[in-house]
Amino acid sequence: MASEENGSIPVFRDYDQAALDGELNLRARWPEHPQFFERWARDSAAVRDRLSAHLDLAYGDGPAERLDLFPVEGADGTPLLVFIHGGYWQALDKGDYSYMAPAFVDSGVAFASLNYGLAPAATIGEMIAQTRRALVWLHRHAGAYGVDPARIVVAGHSAGGHLAAMAVSTDWPAFEAGLPAGLLAGGCSISGVYDLEPIRLSYHNEVLHIAADEAAPWSPLHCLPAAGRPGGAPPLLLAVGSEETSEFLRQHAEYAAAWQARGLPLGEVDMTGLHHFSAVDALAQCDHALHIAVQQSLHRGLP
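For clarity, every value in this text was computed on a predicted model and none was experimentally measured.

Procedures and definitions
- Residues numbered from 1 in each chain as written.
- Predicted model: local features only at pLDDT ≥ 70, side-chain atom pairs only at ≥ 80, totals over all residues.
- Heavy atoms only, no water.
- Helix = DSSP H or I, 4+ residues; strand = E, 2+ residues; numbered from the N terminus.
- Rg over C-alpha atoms; globule rule 2.2 N^0.38 Å.
- Buried < 20%, exposed > 50% of the residue type's maximum accessible area, 1.4 Å probe, protein only.
- Contact = heavy atoms within 4.5 Å.
- Lys, Arg positive; Asp, Glu negative; His and termini not counted.
- Charge placed at Lys NZ, Arg CZ, Asp CG, Glu CD.
- Core = buried A, V, L, I, M, F, W, Y, C linked by side-chain atoms within 4.5 Å.
- Salt bridge = Lys/Arg side-chain N within 4 Å of Asp/Glu carboxyl O.
- Polar contact = N/O pair within 3.5 Å; in protein donor to acceptor, adjacent residues only side chain to side chain.
- Expected span 1.5 Å × (residues − 1).
- Arc of directions from axis to C-beta.

Draft legend 1. How the structure looks around the overall build of the protein chain. For the protein chain, the helix and strand inventory stands at twelve helices and ten strands. Its C-alpha radius of gyration of 19 Å places the protein chain within 12% of the 19 Å reference for a compact globule of 303 residues. Taken along its principal axes, the extent of the C-alpha atoms in the protein chain is 70 × 45 × 35 Å. For the protein chain, buried positions account for 57% of its 303 residues. For the protein chain, the proportion of contacts with a sequence separation of at least 24, taken over those separated by at least 6, is 74%. Here the protein chain contributes 18 positively and 36 negatively charged side chains, and the mean placements of these two sets differ by 6 Å.

Draft legend 2. Just the environment of glycine 22, in detail. One can find glycine 22 in helix H1 (residues 17–24). Its relative accessible area of 29% is what places glycine 22 among the partly exposed residues. Put simply, glycine 22 and serine 202 are 180 residues apart on the chain and 9.2 Å apart in space, counted from C-alpha to C-alpha.

Draft legend 3. Structural detail: the nonpolar core. Core analysis: the biggest nonpolar cluster contains 103 residues, and Leu81, Trp89, Leu283 and Leu290 have the highest contact counts within it. In terms of residue count, helix H5 (residues 124–141) provides more of this core than any other element does, eight residues in total. Leucine 290 has contacts with Cys188, Ile190, Ala239, Val269, Met271, Ala279, Ala282 and Leu283, leaving out every residue within four places of it along the chain.

Draft legend 4. Spotlight on the side chain of aspartate 21. Positionally, aspartate 21 belongs in helix H1. Despite its burial, aspartate 21 pairs with no opposite charge; the closest candidate is arginine 29, at 11 Å N-O. A distance of 3.0 Å separates the side chain of aspartate 21 from the backbone nitrogen of tyrosine 203, its partner in a polar contact. With residues near it in sequence (within four places) discarded, aspartate 21 still touches Ser202 and Tyr203.

Draft legend 5. Summary view of the pattern of salt bridges. Taken as a whole and judged by the stated rule, the model has twelve salt bridges. Close ionic contact of glutamate 254 with arginine 13 constitutes a salt bridge, the shortest N to O distance being 2.9 Å. You can see glutamate 254 sitting in helix H10 (residues 246–261) and its partner arginine 13 sitting in the loop between strand E1 (10–12) and strand E2 (15–16), a full 241 residues away along the chain. Judged by relative accessible area, which is 48%, arginine 13 ranks as partly exposed. Counted as one network, the salt bridges with shared partners bring together Arg13, Asp195, Glu247, Arg250 and Glu254.

Draft legend 6. Representation of helix H3 (residues 33–50) within the structure. With 18 residues, H3 should reach 26 Å at 1.5 Å per residue; the first-to-last C-alpha distance of 26 Å fits that figure. Every buried residue of H3 is accounted for by His33, Phe36, Phe37, Trp40, Ser44 and Val47. Down the axis of H3, the buried set is contained in an arc of 100 degrees. They therefore lie on one face. In H3, the exposed positions that point more than 90 degrees away from the buried face belong to Gln35, Glu38, Arg42, Asp49 and Arg50. Close packing links the buried residues of H3 with helix H2 (26–29), strand E4 (66–70), helix H4 (101–105) and helix H11 (276–279).

Following this line, the structure appears as structure tokens:
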């Protein structure tokens, strides 16, 4: 925290520059993170060797606008979970998360993992638009992969949680004429970023280049669905590891409170004992409350 008596100057709330950067430097906070990355990549490669998949499907013209889709073989009208990876909008890849697919495919749910442009080549605004275009593509092509277009749920972790939250807030008919207001059946954000202002003021902005007038329009906290909007808002699940940094816990709490204040459908999942890198694994653990809650969202309303 900042202390003006010892020469520290607050740059965001009570944080001086060093404290803010420390709150947002997750790899330094958990130096064991390479072990997670290595396991995800190894297990994901094994899953791609074992499961039927449509890899590198193009949802747009850009080289990063690709997705992997794991269908439920021989089934039709299945729900679909769409996962958006994290990496502070700068790193990681859709292929790192194929390891999640079996937990859903084995239960009759198709699974897709998205790529999007990474900074500094792409802005966060461009990433938000890419995510929306990917979801529209999946909605329109659902039938070709045995998916029910009315049962698509989007989930994301960290920066991917930010993109998932922005997708859930989208006014789809305003985004593109003719789209249904209820394009998404639900959303889930795990340890997401909902307020970009501290990100803009941190060392991350050396790569992200968020302008002062871009932070709010790109922040889920400031882009909540309008109360009473036609079609409403899909149910949203929020989860954050209890061992997260104070800034991530604050963002989760403020976003959840803002969502509830508008009377929007919200669920929160207990993530006791989990930190930023371990929390995302819970999504693929069939006995964890997060996985169970997401499955309920996927199957809601089905016979």
